[in-house]
Amino acid sequence: ENPLFSKEYASRPIYPIFYARYVDRLVTTPLPLLCLIAIVSPPPDTLKLLVFLNTCMVGCLFAATVEVQGSRWTFFVASCVFFVALAGTLRGEMTRLSESKSRGTKRLFLRLRSLTLTTNALYLVAWVFCEGAKLMSTDLTILIYSATDLAGRCVFGLLLLRNLPNAAQVLGGG
């Protein structure tokens with residue numbers, strides 16, 4: 001028997017949902033996007049698109065978590081579609097815009113972009129096991145999400161600090 005799994009938890013039609021996790025993601029996941037936007041200075045429509053796609057991705061994931069019927073997977077797939085569109089914009093237009101920046105600034109953008117996309121992808125994978133299939137206990141679910149968020153945020157901050165001259169050049173208009 002899996003010690004990290006509770007049959008009582010899995011058999012509940014409605015299980016504990018930690019709304020704060022989704023409020024946190026709605027507030028904090030745009031912040032790395034705003035850093036990426038500050039680095040490459042895209043047109044305002046791209047800024048709006050990225051924030052819209054991110055909000056829809058988190059919103060659909062929340063709807064999938066709240067939904068207890070089979071349609072929860074429809075919301076999850078919709079969240080994945082918004083993630084793919086977000087990734088496409090970051091890897092396409094935003095990366096093209098980074099080409100005009102200095103070598104160090106472009107390298108910083110690419111690293112931060114990769115970290116942002118990896119963190120979001122890991123969050124979706126965690127959702128499948130924790131919320132979707134309910135294979136993990138509530139405590140382990142909280143630990144997985146917390147570790148993903150903490151690692152992503154700390155590494156993002158460390159990358160910015162390590163590349164402070166490039167970040168300062170961007171903020172100074174260079």
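Across its full length, the chain carries eight helices and zero strands. The linear arrangement of helices and strands in the chain, starting from the amino end, is α-α-α-α-α-α-α-α. Look at the contacts in the chain between residues 6 or more apart in sequence, and 78% of them connect residues 24 or more apart.

As enumerated under the stated definition, the model contains four salt bridges in all. A salt bridge links Asp149 to Arg25; its shortest N-O distance comes to 3.3 Å. With Asp149 in helix H7 (residues 138–162) and Arg25 in helix H2 (residues 19–28), this residue pair connects regions lying 124 residues apart in the sequence. No difference in accessibility class separates Asp149 from Arg25, as the two residues are buried.

Look at helix H5 (residues 72–98): 37 Å from first C-alpha to last across 27 residues, which is about the 39 Å you get at 1.5 Å a residue. Taken as a whole, H5 carries its principal kink of about 25° at Thr89.

The next thing to look at is the nonpolar core. In terms of nonpolar packing, the biggest core is built from 34 residues, with Leu36, Leu61, Leu86, Leu90, Met94, Leu112 and Trp127 touching the most fellow members. When residues of this core are traced back to their parent elements, those giving at least two are helix H3 (30–40), helix H4 (44–66), H5, helix H6 (103–132) and H7. Looking at this core, the element that brings in the most residues is H6, giving ten residues. Apart from the residues lying within four places of it in its own chain, the contact partners of Leu36 are Leu90, Met94, Phe109, Leu112, Arg113 and Thr116.

Attention shifts here to the confidence of the model for the chain. This prediction gives the chain a mean pLDDT of 88; 87% of its residues lie at or above 70. The secondary-structure element of the chain with the lowest mean pLDDT is helix H1 (residues 7–11), recorded at 64, while H5 shows the highest, at 97.

Under the 1.5 Å per step criterion, the end-to-end length of H4 is 33 Å for 23 residues, consistent within 8% with the ideal 33 Å. For H4, the full list of buried residues reads Thr46, Leu50, Leu53, Asn54, Cys56, Met57, Val58, Cys60, Leu61, Ala64 and Thr65. Looking at the buried side of H4, the elements it contacts are H2, H3, H5 and H6.

As a further point, take the packing of aromatic side chains. Aromatic ring pairs are defined here through the distance separating the ring centres and the angle between the ring planes. Counting across every chain of the model gives seven aromatic pairs. Judged by centre distance (5.6 Å) and plane angle (55°), the ring pair of Tyr19 and Phe62 falls under tilted. Of the two residues, Tyr19 is situated in helix H2 and Phe62 in helix H4; the sequence distance between them amounts to 43 residues. Look at Phe52 and Phe82: their rings are 6.4 Å apart centre to centre, the planes differ by 90°, and that puts the pair in the edge-to-face class. With a gap of 30 residues between them, Phe52 in helix H4 and Phe82 in helix H5 connect regions that are remote in the sequence. Phe52 sits in the partly exposed class, given a relative accessible area of 48%. Taken together, Tyr19, Tyr22 and Phe62 form an aromatic cluster joined through their ring pairs.

Calculation notes
- Residues numbered from 1 in each chain as written.
- Predicted model: local features only at pLDDT ≥ 70, side-chain atom pairs only at ≥ 80, totals over all residues.
- Heavy atoms only, no water.
- Helix = DSSP H or I, 4+ residues; strand = E, 2+ residues; numbered from the N terminus.
- Contact = heavy atoms within 4.5 Å.
- Salt bridge = Lys/Arg side-chain N within 4 Å of Asp/Glu carboxyl O.
- Buried < 20%, exposed > 50% of the residue type's maximum accessible area, 1.4 Å probe, protein only.
- Expected span 1.5 Å × (residues − 1).
- Bend = angle between axes of the 7 residues up to and from the residue.
- Core = buried A, V, L, I, M, F, W, Y, C linked by side-chain atoms within 4.5 Å.
- pLDDT = per-residue confidence, 0-100.
- Phe/Tyr/Trp six-rings, centres within 6.5 Å; stacked < 30°, edge-to-face > 60°.

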